[in-house]
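# Residue-level structural notes
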Amino acid sequence: HAIGYFHSVLLLVQSSLFFTRLHLNPYWKLLLEASIILHAIPLFASPFAILVPVPSGKNAWKAVLFGFTAVFLVTQVFSLPQWAAISPRLRVLAPIAAGVLLLVLYIPDGFENLQSAVVIPAVIYLGTIVVRTVAVVSGRAAQMITPRDWSASRRGLARAVQAAIEDHGQVFETDEELRVL
């Protein structure tokens with residue numbers, strides 16, 4: 001659990017660094033994404049592996065290790081600056097490495113519980129699609145309910161500002177200056 005708490009602290013630090021350069025630092029993001037893979041190690045050694053909610057059982061560590069490593073190799077590795085210098089033909093090695101890891105983990109057991117290997121990547125990717133879809137649909141619905149002409153509202157705000165400081169001279173000389181705003 002200590003590794004899980006450490007990862008949570010890293011995520012809290014990441015959220016506190018919003019709107020800073022460190023928030024977008026690719027190596028910082030690499031640390032965050034790679035640290036979750038360490039959850040597989042205590043699951044392997046834990047006598048309480050049965051208590052892990054999803055996937056469960058004594059081989060849950062395999063699903064956790066493969067799931068987060070596959071997501072890391074398929075999604076996160078490509079954000080590193082070094083990947084831009086690598087030949088496009090070699091960039092396919094990261095997803096292939098995820099497939100090799102799947103084989104290495106599940107061949108010794110005769111592919112028993114192979115379905116549990118896709119749970120974590122499926123939840124992450126499908127969850128992202130669902131959240132994005134809900135956000136887009138909500139945004140479009142809000143626009144249909146209350147359509148707003150943003151440029152007109154800015155002109156109205158500019159006129160209000162001009163009226164508030166009218167005693168000190170006119171801010172906008174012409175309506176064209178106001179329209180540009």
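Scroll up for the structure.
Description of the structure in this document. (Residues numbered from 1 in each chain as written. Predicted model: local features only at pLDDT ≥ 70, side-chain atom pairs only at ≥ 80, totals over all residues. Heavy atoms only, no water.)

## With respect to the nonpolar core
Formed by 20 residues in total, the largest nonpolar core has its most connected members in Phe-66, Phe-68, Leu-73 and Leu-105. Every element with two or more residues in this core is listed here: helix 4 (60-76) and helix 5 (93-106). Tallying contributions element by element places helix 4 first for this core, with 8 residues. Setting aside its immediate chain neighbours within four residues, Phe-68 contacts Ile-36, Ile-37, Ile-120 and Ile-124. (Core = buried A, V, L, I, M, F, W, Y, C linked by side-chain atoms within 4.5 Å. Buried < 20%, exposed > 50% of the residue type's maximum accessible area, 1.4 Å probe, protein only. Helix = DSSP H or I, 4+ residues; strand = E, 2+ residues; numbered from the N terminus. Contact = heavy atoms within 4.5 Å.)

## Let's talk about the packing of aromatic side chains
Here the distance between the centres and the angle between the planes together describe a pair of aromatic rings. Summed over all chains, the structure comprises 1 aromatic pair. Judged by centre distance (5.1 Å) and plane angle (55°), the ring pair of Phe-78 and Trp-83 falls under tilted. Among the residues examined, Phe-78 registers a relative accessible area of 33% and is labelled partly exposed. Positioned over the ring face of Tyr-106 is Lys-62, at 5.8 Å from the centre of the ring. (Phe/Tyr/Trp six-rings, centres within 6.5 Å; stacked < 30°, edge-to-face > 60°. Lys NZ or Arg CZ within 6 Å of the ring centre and 35° of its normal.)

## Regarding the environment of Leu-32
When you line up the elements, Leu-32 lands in helix 2 (residues 26-35). Taking relative accessible area as the criterion, Leu-32 reaches 4% and is therefore assigned buried. For Leu-32 and Leu-10, which are 22 residues apart along the polypeptide, the C-alpha to C-alpha distance reads 6.7 Å. Leu-32 has contacts with His-7, Leu-10, Leu-11 and Gln-14, leaving out every residue within four places of it along the chain.

## Let's talk about the side chain of His-23
Within the fold, His-23 resides in the loop between helix 1 (2-16) and helix 2. A polar contact of 3.2 Å, which involves the side chain of His-23, links it to the backbone oxygen of Gln-14. Beyond its immediate stretch of four places on either side in the chain, His-23 contacts Gln-14, Leu-17, Phe-18, Trp-28 and Lys-29. (Polar contact = N/O pair within 3.5 Å; in protein donor to acceptor, adjacent residues only side chain to side chain.)

## Quick notes on the pattern of salt bridges
Evaluated as defined, the whole model comprises 1 salt bridge. A salt bridge links Asp-109 to Lys-62, with the shortest nitrogen-to-oxygen separation between them at 2.1 Å. Here Asp-109, found in the loop between helix 5 and helix 6 (119-145), pairs with Lys-62, found in helix 4; they are 47 residues apart in sequence, far enough to count as distant. Taking relative accessible area as the criterion, Asp-109 reaches 29% and is therefore assigned partly exposed. According to the relative accessible area criterion, Lys-62 is buried, its value standing at 7%. (Salt bridge = Lys/Arg side-chain N within 4 Å of Asp/Glu carboxyl O.)

## Considering helix 1
If you check helix 1, its first and last C-alpha atoms are 21 Å apart, about what 15 residues at 1.5 Å a residue would give, namely 21 Å. Check the buried side of helix 1 and you find it contacts helix 2. (Expected span 1.5 Å × (residues − 1).)

## Things to note about helix 4
The end-to-end C-alpha distance of helix 4 is 23 Å, a good match for the 24 Å that 17 residues give at a rise of 1.5 Å each. Across the 17 residues that make up helix 4, a large majority, 13, are buried.

## Observations regarding a nonpolar patch on the surface
A cluster of nonpolar side chains, Leu-90, Val-92, Leu-93, Ile-96, Val-100 and Val-104, forms an exposed patch at the surface whose accessible area comes to about 520 Å². Locating Val-92 in the fold gives a position in the loop between helix 4 and helix 5. Exposure remark for Val-92: the relative accessible area of 43% places this residue in the partly exposed category. (Patch = residues over 30% accessible without salt bridge, like charges linked within 9 Å, V, L, I, M, F, W, Y side chains within 5 Å. Areas by Shrake-Rupley, 256 points an atom, 1.4 Å probe, with all protein chains shown as cover.)

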